[in-house]
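# Residue-level structure breakdown
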Amino acid sequence: TECTAIDLSPFYLDAARENDAYWRKTRREAESLGRDDLAPLRLVQAQAENLPFDDESFDAVVCVYLYHELPREVRSRVSSEMARVLKPNGMVVLTDSIQRGDRPSLDANIGKFEDMNEPYYVDYTQDDLVEQFVKEGLTPVTKIVASTTKSLSFAK
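A short tour of the structure in this document, coming up. (Residues numbered from 1 in each chain as written. Predicted model: local features only at pLDDT ≥ 70, side-chain atom pairs only at ≥ 80, totals over all residues. Heavy atoms only, no water.)

## Notes on the overall build of the protein chain
Quick reminder of the rule: Helix numbers and strand numbers start at the N terminus; a helix is a DSSP run of H or I with at least 4 residues, a strand a run of E with at least 2. Each residue is assigned to one of three classes by its accessible area relative to the maximum for its type, calculated with a 1.4 Å probe on protein chains only: buried under 20%, partly exposed between the two thresholds, exposed over 50%. The contact rule is simple, with two residues in contact once any of their heavy atoms fall within 4.5 Å. When charges are tallied, Lys and Arg are placed among the positive residues and Asp and Glu among the negative ones, while His and the ends of the chain are skipped. Think of each charge as sitting on NZ of Lys, CZ of Arg, CG of Asp or CD of Glu.
A count of helical and extended segments in the protein chain gives four helices and six strands. Secondary structure elements of the protein chain, listed N to C terminal, follow the sequence β-α-β-β-α-β-α-α-β-β. Expressed along its principal axes, the backbone C-alpha trace of the protein chain runs to roughly 55 × 35 × 25 Å. Taken over 156 residues, the protein chain has a buried fraction of 33%. For the protein chain, contacts bridging at least 24 residues in sequence account for 71% of all contacts bridging at least 6. Mean positive and mean negative side-chain charge positions of the protein chain (19 and 28 charges, respectively) differ by 3 Å.

Here's what the structure looks like:
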C-alpha cells in the first residue's frame, strides 16, 4: 500500500517523516515482522491548490483541518484539485471544523474563533463545501459531526 502526504510546511513534513518512521517501527514490532516491508510515507512539499500529481492518480484523497485556514477562492481551487487527482470510483474525505448549522446550539459563538488569529474562519463557517465538490462532479456520501469536528465524504 502506498501513501502520499503533502504539506506546504517543510517543518510539518519533517514531523510527518518522524511520525511515519515511529509508526512503521511500532507496527513491525507489534506484528513481529522480521523485515521492513512497510513502505515509508511519500512526502511532498506542495500547495493543495496546485497538486503536482497526474489526473486520476489516487484512489482516495484525505484533507484534514486545512479548509478553515484558506480564503474561499483557494478552498474552491483545492476542491477542484482533489477531484482532479481522484481516480474514478475514488473517495474524497474532508475533515475540518464544524460550520454554521452543524451544531445549532453553537452557532451564536462559532465566529469568535476568528479572534484567535484565524482570519478566514468566519467565512469558512458559511461556505457551502458540499456545493464545491458537487460542482467538481463528485457525489456526497456521508456527513459525520462529532463534537466540533465535521467529516464529509464524496465519491467520484
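## Brief notes about the environment of Arg 100
Selection rule: Here a polar contact is taken to be a pair of N or O atoms separated by no more than 3.5 Å, where protein atoms must pair a possible hydrogen donor with a possible acceptor and residues adjacent in sequence count only if both atoms sit in side chains.
Mapped onto the fold, Arg 100 is located in the loop between strand S4 (86-97) and helix H3 (121-126). Leave out the neighbours within four places in its chain, and Arg 100 touches Asp 107, Ile 110, Gly 111, Thr 125 and Gln 126. Only 2.8 Å separates the side chain of Arg 100 from the backbone oxygen of Asp 107, close enough to count as a polar contact.

## Comments concerning the environment of Leu 70
Relative to the helices and strands, Leu 70 resides in the loop between strand S3 (58-64) and helix H2 (72-85). Given the relative accessible area of 12%, Leu 70 is considered buried. Setting aside chain neighbours within four positions, we find Leu 70 in contact with Arg 75, Val 78 and Tyr 120.

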